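Structure at a glance
Take a look at the letters that make up each chain.
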Amino acid sequence: MSSHILVIRLSAMGDVAMTVPVLSAFSLQYPNVKITVVSRPFFKPFFDDIENITFFPIDLKERHQGFLGLLRLFSDLRKLNIDAVADLHNVLRSKIITTLFALNGKKVAATDKGRIDKKALTKLAIKNISPIKSMFERHVETFENLGFQINLNTPMFPEKAILSEEIIKITGKKAENWIGIAPFAQYENKVYPTDLMQQVIDDLAKNTSNKILLFGGGTEEIKQLNQLKNNHDNVLVLAGKTNLKAELAIISNLNIMLSMDSGNAHIAAMMGIKVITLWGATHPFAGFQPFHQPDDFSLTSDRKQYPFLPTSVYGNKKVAGYEYAMRTILPSQVIEKINSNLN
């Protein structure tokens, strides 16, 4: 059986975060097998606390840029004495690396992304829908093809991080329920309307036992977060104030996270935090429901009113007449779901 596995998962944030529970379980169940994760340097903190994992940062801007860069990447990785390759990305770049290892006699496997199933689920028609295989199950299958069985039924999550003095200067010491809210997503079709999110934040902030921590990034998002703060003393905008490692430490101390179908949902879930997710054009049945979360934590837009839903796997497709689908998720529903599941 292989003793050193190369795992390729280059981007994006949510997809990288979704590999963490699988690799964490693998590490616990196969403590004598070494794993090297190849990904963007930014994602290294995701894997820092997992035993047996070494992180290899890919340099897509210089050394590993373009086709010649991929050849250099293969040359660099070959020196690590890899026995097998698990391609959890399965795009052109990763396929080239995987093929080169296969030509050199290494056992390789790639994650089946289920494109046919996803296309059927999101066809623009009135349809009955049912869950397709989750990405976690698909990654497990990839390792099975390499000879490793992984059980995800009893996950072990990391301990809550001890907050540094630098972080406490930003957040204050934890004396309340910490409610994380990540109101943004890559595509507009996955973002809860601002006026409704404002109602959610205003209502949660009425309870002085709550502290609401707002997550995001970039100048425009920070501007919007400061508006959502709405002069509440117990609402804190974290965007722009921390690096990823500090943000992970803060998230590990949350009581609950409210997120769109986005990377923040998967980051919180990989730490064992309760995650309430809001779904617009997309749907948890497409396989991207956060790890180990109850089904009723996913609040979806009304399919009776919008029967073509889901209309997109990733939220990048706009459908005329479906712009306001998320308005069918009422602020009162969101507030009740959070309040009833606070620790």
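The structure reproduced in this document is the subject of the present report. In this text the structure is predicted, and so the values were computed from the model without any measurement.

What counts as what
Residues numbered from 1 in each chain as written. Predicted model: local features only at pLDDT ≥ 70, side-chain atom pairs only at ≥ 80, totals over all residues. Heavy atoms only, no water. Helix = DSSP H or I, 4+ residues; strand = E, 2+ residues; numbered from the N terminus. Rg over C-alpha atoms; globule rule 2.2 N^0.38 Å. Contact = heavy atoms within 4.5 Å. Lys, Arg positive; Asp, Glu negative; His and termini not counted. Charge placed at Lys NZ, Arg CZ, Asp CG, Glu CD. Polar contact = N/O pair within 3.5 Å; in protein donor to acceptor, adjacent residues only side chain to side chain. Phe/Tyr/Trp six-rings, centres within 6.5 Å; stacked < 30°, edge-to-face > 60°. Buried < 20%, exposed > 50% of the residue type's maximum accessible area, 1.4 Å probe, protein only. Core = buried A, V, L, I, M, F, W, Y, C linked by side-chain atoms within 4.5 Å. Expected span 1.5 Å × (residues − 1). Pairing = 2+ DSSP bridges. Axes fitted to C-alpha atoms, helices over the stretch in contact; angles between N-to-C directions. Salt bridge = Lys/Arg side-chain N within 4 Å of Asp/Glu carboxyl O.

Regarding its fold elements, the chain presents 11 helices and 11 strands. Against the globule reference of 20 Å for 343 residues, the chain gives a C-alpha radius of gyration of 21 Å, in line with a compact fold. The C-alpha extent of the chain, read off along each of the three principal axes, is 60 × 55 × 40 Å. Taking all contacts inside the chain whose residues are at least 6 apart in sequence as the whole, residues at least 24 apart take part in 66%. Charged side chains in the chain number 39 positive and 32 negative. The centres of these two groups are separated by 5 Å.

Here we come to the side chain of S259. You can see S259 is positioned in strand β9 (residues 256-260). In this structure the side chain of S259 is engaged in a polar contact, spanning 3.0 Å, whose partner is the side chain of S262. Of note is the side chain of S259, whose polar atom sits 3.3 Å from the backbone nitrogen of A265. Residues within four places of S259 in sequence aside, it is in contact with A182, N264, A265, I276, T277 and L278.

Turning next to the packing of aromatic side chains. Here a ring pair, both rings aromatic, is described through the centre-centre distance and the interplanar angle of the planes. Scanning the entire structure with this criterion turns up 14 aromatic pairs. Between F308 and Y322, the ring centres sit 5.9 Å apart and the planes meet at 25°, which makes this aromatic pair stacked. Here F308, found in the loop between β11 (298-300) and α11 (331-339), pairs with Y322, found in the loop between β11 and α11; they are 14 residues apart in sequence, far enough to count as distant. Residue class for Y322 comes out buried when judged on its relative accessible area of 16%.

In terms of nonpolar packing, the biggest core is built from 63 residues, with I5, V7, F26, F46, F47, F143 and F215 touching the most fellow members. Of the residues forming this core, the biggest block, 8 residues, is contributed by helix α1 (residues 13-29). Not counting residues up to four positions away in its chain, the partners in contact with F26 are I5, V33, I35, F143, F148 and I150. If you look at the next biggest cluster of nonpolar residues, it comprises 31 residues, including L204, V237, F297 and M326.

Take α1 next. For the α-helix, the turn length of 3.6 residues means that residues three or four positions removed from each other point alike. The end-to-end C-alpha distance of α1 is 25 Å, a good match for the 24 Å that 17 residues give at a rise of 1.5 Å each. Of all 17 residues in α1, 13 are buried, a share of seventy percent or more.

Here we come to the sheet that holds strand β5 (residues 107-110). Taking strand neighbours across the sheet as the criterion, the 5 strands line up as β3-β2-β1-β4-β5 in an open arrangement whose pairing is parallel. If you trace the sheet from one side to the other, it starts and ends with β3 (53-57) and β5, each paired once. Here the strands of the sheet are splayed against their neighbours by 20° on average, with no regard to which way each runs. Pairing analysis gives 4 bridges linking strand β1 (residues 4-8) to strand β4 (residues 84-87), with the strands arranged parallel. Residue I5 lies in a different strand from β4, and its bridge partner there is A84. Helix-sheet contacts for α1 involve β1, β2 (34-39) and β3, and the interaxial angle to β2 is about 175°. Seen against the sheet, helix α5 (residues 135-144) touches β1, β4 and β5 and runs at an angle of roughly 165° to β4.

Further remarks concern the pattern of salt bridges. Overall, the coordinates contain 10 salt bridges when judged by the stated rule. Here K44 makes a salt bridge to D48, at a shortest N to O gap of 2.9 Å. In this structure K44 comes out as partly exposed when scored by relative accessible area, which is 39%. Note that K245 and D48 form a salt bridge whose closest N and O atoms lie 2.9 Å from each other. Here K245, found in helix α9 (residues 244-251), pairs with D48, found in the loop between β2 and β3; they are 197 residues apart in sequence, far enough to count as distant. On the basis of relative accessible area, K245 is assigned to the partly exposed category, the value being 47%. On the basis of relative accessibility, which here comes to 32%, the residue D48 falls in the partly exposed class. Overlapping salt bridges, with partners in common, bring together K44, D48 and K245 in one network.

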